[in-house]
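# Notes for the structure review
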Amino acid sequence: MSTGEAAATSETHELGGRNKPSSPRQIPVVDVVTEDEAAQGVFKPMDLNRVIQLLEETDENDLEEKQLKSVKKLVQCYKNGLPLRDLAQIFKILNLCTGKIENHPHFVECACDILKLCSLPFLKKKVSDEITYAEDTANSVALLGDLMKIPSSDLRIQICKCIVDFYHAEPPKKHITGYQQASSSYKIQMAEVGGLAKTMVQSMALLENQLVEKLWVLKALQHLSTSEVNCTSMMKAQAASGICAHLNDPDPSGQLLFRSSEVIWNLLEKSSKEEIIQQLSNLECLLALKEVFKNLFIRGFSNYDRQLRNDILVITTIIAQNPGAPMIESGFTQDLILFATFDEVKSQNPLVKGLKLTNSYEDFELKKLLFNIIVILCKDLSTLQLLVHGKVILALFTYVKKPEKQTIIEWSAAQYEELQLHAIATLSSVAPLLIEEYMLNQGNARVLAFLEWCENEDPFLSQGNSFHGTGGRGNKFAQMRYSLRLLRAMVYLEEELINKDLCEKGTIQQLIGIFKNTISKPNEKEESIVLEIQSDILLTLSGLCEHHIRRKEIFGTEGVDIILHVMKTDPKKLQSELGYNVLLFSTLDSIWCCILGCYPSEDYFLEKEGIFLLLDLLALNQKKFCNLILGIMVEFCDNPKTTAHVNAWRGKKDQTAASLLIKLWRKEEKELGVKRDKFGKIIDTKKPLFTSFQEEQKVMPLPANCPTVAVMDVAENIRAKIYAVLGKLDFENLPGLSAEDFVTLCIIHRYLDFKIGEIWNEICEEIKLEKLRPVSTDTKNLEAITTASENIGKMVVSLQNEMIESQARQDIQNEQKVYTKIQATHKQRELANKSWENFLARTSNAKTLKKAKRLQEKAIESSRHSERPQNAVFHRTDIKGLNTTVSSGRVVTVESTPARIIGGPLADTDIALKKLPIRGGALQRVKAVKTMDEPKKSNLT
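Residues numbered from 1 in each chain as written. Predicted model: local features only at pLDDT ≥ 70, side-chain atom pairs only at ≥ 80, totals over all residues. Heavy atoms only, no water.

Looking at an unreviewed UniProt entry, one finds the chain named Cilia- and flagella-associated protein 69 isoform X1, with Trichechus manatus latirostris as its source organism.

Right, here's the structure in full:
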């Protein structure tokens, strides 16, 4: 018999004196040790199976005392930690003890003692024990949640303490020989696997009137909810609605509200936010939140109360995003509007009577949160009447003015600036929904006056610390940006009453003036906000001027100048993320809305080379701009002066506008997957314009008011606009086109015919799909139309072939010209080489030079008349003694021979070198200068 078995037998006799059959599992015992070893932290021997059997027995009189004794001995044995291999049996013992509590209250203490052991570290003998006993451990930890059903306050509190201790692991008091502590997160992982969080949530229903136990459960859930796995389990157990519904339960300590809100926060962050919002979107939860918020708002004075109040408001804001939340039915919306406006608008409501906010950080955050929730609440149109009744527009407009000392609350300068910007941003969302209120409170006048203050140079030290104040430090750009956003939102309602009022107040001129003032180059930090301001100005002007010629005339040349300024922006800046793309889009929109249709503005735009700038932008080949630019070009071409400007434009490599448009057409067709051969010719004459999408999309019978695929294709790409522009330029005599361009131009010229043919083909297909049989006349007409469309395609293909063949012949002729030019060049080189050889021969051989001289003189003599006229004066054309064969004048300068060597270029001739006297007068003959070693006559060439 082994030592372990002997110890097990001894323990069996000590507890009951009866032998039990052996279990298939080895009896878990701890090795027998001496007192010295026990002092070092070694386990004492313990037969857990015997303890379980003893707890399961019920037939002895003194059994309870023995059971309690055995459990206490177990607690003493494992006072330094629980081995993972024994955990399942220890929790079975715990379960048996809790089962006896109802009839034997003394077992409460034993159960609590065992639970205290669970707060100790779990011990492993092998590294693999954490994996080997993972399932047993998870089931054991999950049992803690089930034990919450036992109606014992002490037991429930101890269970909660045990769970909280999972998250505050402490090292073992003594080192156990042969054992190591399990990882600190092992208990937490096992709690997640076992679903402990879900059972703890379910236990909340058993604690309706037991505040202490409820607080401990909330504390445990507060720790458990730090895990995403646990939050998901809690969400499935409807934790959010169950906890929120009891927020307003009586609690003198204040812990219930704090811990409940913390758990709800964790659920929102670490589980499905949409599902949690849905759970909280019921009348019971909102009523509880309403009462809690109202109590904290009115009666909360400490920083803790104010922070908790703000947390509750944030949770409410998240719930309000759900359109199905009964915010109005609960009365919460009305209270929130009252609390948001009572500082700015006097109210007789008793809730806010005598109530004041301070300039503390918590109250400042509260004000911003209330502005924020108004924006969310106004999305529900049924809230609008409450907003009118609460005078929200008037309250927000109290901030749209020059900053001045407040009479109600002494906000700091930075706080007031942030609230001001937040209020204007809120107006941008609320004012478009309350037009009557906006006009009754003279909204246009207030905004324009505020913009005027933003534009002037009054000293104003903006803080620029807040989200809304980004880029506005030390200036008024932030205020200007949000004011223009508000103005743009109101203009784009297309409400004539508002727009007319704005124009009568000189808004167009004011906005143009603001734009001009922002043109001066800003700092890098301010550049993005200035670009946004400029974009909003142009969009607002577009909204005001569209469809109104009179307003376009007011826009006038000053407005055209600011548009031209933007169009001259360096194209490289369009690649940046600062906002130049948005500004350019706004500029193109303002061309469409503020210039087109007003002939003086159009002529001024053309005069200032605006069409050139448009074509320069089009040549950048950025797809996002092409459609809009081409649309503007189509409209501009209605002006007869435009054609000359378009034809005069030249791009890179002397590219013309027509060539650019045809190039864009080819690129668009390539992206659309239109079938063309390598020369750009039509492949399928029946479907010359078909895209890959049209090929894939089957024809379906549609109602008469629904556009077909062929019709939609016109609006979805730029081919129709290119056709329209070239059509207005007249397809004839377009400059700067290559043969490839002419081949493509044939297709563009017939675009409308091809598109009509496509639509008729769709009609035929729909008739077949609907199994209709047209009358014979209609059938003939359909066939004739289809044949005519196909014939047009064949004709275009024939014309394209002629152009390609003509180009091939022209290429051959050009090639022949090049070859002829090359031959002439080679011949000229041969003549030059031969002349050079003759030249060398004359200079290197005196006989050859003399021979050439004689031949030259003979040729000269033969060219003269044989008889001289009477009284004629003979002038010699040559110079005696000059041995050269080149044509010579009376003065020859030879740069290669210095005069000091030979005495001058003509020293050996009959005509000596002549010099001008210093005093002027006629030329005089001078003697040649002789040198000591004067050479003989040189043969100069």
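## Here's the deal with the overall build of the chain
Looking only at helices and strands, one finds 44 helices and 3 strands in the chain. Relative to its full complement of 941 residues, the chain shows a buried share of 45%. Across the chain, contacts joining residues at least 24 apart in sequence account for 75% of those joining residues at least 6 apart. (Helix = DSSP H or I, 4+ residues; strand = E, 2+ residues; numbered from the N terminus. Buried < 20%, exposed > 50% of the residue type's maximum accessible area, 1.4 Å probe, protein only. Contact = heavy atoms within 4.5 Å.)

## Details of the sheet that holds strand E2 (residues 122-124)
Strand order in the open sheet formed by 3 strands is E1-E2-E3, and the pairing between neighbours is mixed. One side of each edge strand has no neighbouring strand; the edge strands of this open sheet are strand E1 (82-83) and strand E3 (180-181). Inspection of the sheet shows E2 paired to E3 by 2 bridges, in the antiparallel sense. Each bridged residue has a counterpart across the sheet, and for leucine 123 the counterpart in E3 is glutamine 181. (Pairing = 2+ DSSP bridges.)

## Comments concerning the packing of helix H30 (residues 549-567) against helix H32 (residues 599-607)
Closest axis-to-axis distance for the H30/H32 pair is 9 Å, and the angle between their directions is 25 degrees. As the angle between them shows, H30 and H32 are arranged roughly parallel. Crossing of H30 over H32 shows right-handed handedness. Counting all contacts with H30, which are made through Lys552, Gly556, Thr557, Val560, Asp561, Leu564 and Met567, the residues of H32 involved are Ser601, Tyr604 and Phe605. Taken together, the residues that form the contact of H30 with H32 break down as 5 nonpolar, 3 polar and 2 charged. (Axes fitted to C-alpha atoms, helices over the stretch in contact; angles between N-to-C directions. Parallel < 35°, antiparallel > 145°, perpendicular 65-115°, else oblique. Left-handed = near helix turned anticlockwise from the far one by under 90°. Nonpolar A, V, L, I, M, F, W, Y, C, P; charged D, E, K, R; others polar.)

## Notes on helix H25 (residues 443-455)
Compared with the 18 Å implied by 1.5 Å per residue over 13 residues, the 18 Å span of H25 between its first and last C-alpha is a close match. Among the residues of H25, those classed as buried are Gly443, Asn444, Val447, Leu448, Phe450, Leu451, Trp453 and Cys454. Looking at the buried side of H25, the elements it contacts are helix H22 (392-397), helix H23 (413-430), helix H24 (435-440), helix H26 (477-491), helix H27 (496-504) and helix H28 (507-518). (Expected span 1.5 Å × (residues − 1).)

## Remarks on helix H15 (residues 255-270)
Each α-helix winds once per 3.6 residues, and so residues spaced three or four apart point in a common direction. The end-to-end C-alpha distance of H15 is 22 Å, a good match for the 22 Å that 16 residues give at a rise of 1.5 Å each. When we look at burial in H15, the residues that qualify are Leu256, Leu257, Arg259, Ser260, Ser261, Val263, Ile264, Asn266, Leu267 and Leu268. Looking at the packing, one finds that the buried side of H15 touches helix H12 (211-224), helix H13 (228-236), helix H14 (239-244), helix H16 (273-280), helix H17 (283-299) and helix H18 (303-320).

## Re the packing of aromatic side chains
A complete count under the given rule lists 17 aromatic pairs for this structure. Arranged with centres 5.9 Å apart and planes meeting at 45 degrees, the rings of phenylalanine 397 and tyrosine 438 form a pair that is tilted. Of the two residues, phenylalanine 397 is situated in helix H22 and tyrosine 438 in helix H24; the sequence distance between them amounts to 41 residues. You'll find phenylalanine 397 and tyrosine 438 in the same group, each marked buried. Cluster of aromatic residues (ring-pair linked, three or more members): Phe293, Phe297, Phe332, Phe339 and Phe342. When the ring centre of phenylalanine 122 is taken as origin, the NZ or CZ atom of lysine 187, which lies over that ring, is 4.7 Å away. (Phe/Tyr/Trp six-rings, centres within 6.5 Å; stacked < 30°, edge-to-face > 60°. Lys NZ or Arg CZ within 6 Å of the ring centre and 35° of its normal.)

## A closer look at unusual backbone geometry
Phi is positive for aspartate 654, close to 60 degrees, though the residue is something other than glycine. Given the relative accessible area of 57%, aspartate 654 is considered exposed. For aspartate 730, which is not glycine, the phi dihedral falls at a positive 70 degrees. Relative to the helices and strands, aspartate 730 is located in the loop between helix H39 (719-729) and helix H40 (739-749). With a relative accessible area of 44%, aspartate 730 lands in the partly exposed category.

## A word on the pattern of salt bridges
Summed over the entire model, instances satisfying the criterion amount to 32 salt bridges. Between aspartate 343 and lysine 367 there is a salt bridge; the shortest N-O distance is 3.8 Å. Highlighted residues: aspartate 343 in the loop between helix H19 (332-341) and helix H20 (361-377) and lysine 367 in helix H20, separated in sequence by 24 residues. Note on accessibility: aspartate 343 and lysine 367 belong to one class, buried. With a closest N to O distance of 2.9 Å, arginine 676 and glutamate 669 form a salt bridge. Exposure remark for arginine 676: the relative accessible area of 18% places this residue in the buried category. (Salt bridge = Lys/Arg side-chain N within 4 Å of Asp/Glu carboxyl O.)

## Some thoughts on the environment of histidine 422
Topologically, histidine 422 is positioned in helix H23. Taking the C-alpha atoms as reference points, histidine 422 and tyrosine 482, 60 residues apart in sequence, are found 8.9 Å from one another.

## Details of the environment of methionine 327
Relative to the helices and strands, methionine 327 resides in the loop between H18 and H19. Residue classification places methionine 327 among the buried positions, given a relative accessible area of 4%. Linking methionine 327 and threonine 316, residues 11 residues apart in sequence, is a C-alpha distance of 9.3 Å. If near-sequence neighbours (up to four positions away) are discounted, methionine 327 is found in contact with Leu286, Thr316, Ala320, Phe332, Thr333, Leu336 and Leu377.

## Notes on the side chain of glutamate 213
One can find glutamate 213 in helix H12. The charged side chain of glutamate 213 is buried without a salt bridge, its nearest counter-charge being arginine 156 at 4.8 Å. One polar contact links glutamate 213 to serine 153, side chain to side chain, over a distance of 2.9 Å. Beyond its immediate stretch of four places on either side in the chain, glutamate 213 contacts Ser153, Arg156, Ile157 and Leu207. (Lys, Arg positive; Asp, Glu negative; His and termini not counted. Polar contact = N/O pair within 3.5 Å; in protein donor to acceptor, adjacent residues only side chain to side chain.)

## Considerations on a nonpolar patch on the surface
Taken together, the side chains of Leu752, Ile756, Trp760 and Ile763 define a hydrophobic patch exposed on the protein surface, amounting to about 320 Å² of accessible area. Within the secondary structure layout, isoleucine 756 lies in helix H41 (residues 751-769). Residue isoleucine 756 is classed as partly exposed on the basis of its relative accessible area of 40%. (Patch = residues over 30% accessible without salt bridge, like charges linked within 9 Å, V, L, I, M, F, W, Y side chains within 5 Å. Areas by Shrake-Rupley, 256 points an atom, 1.4 Å probe, with all protein chains shown as cover.)

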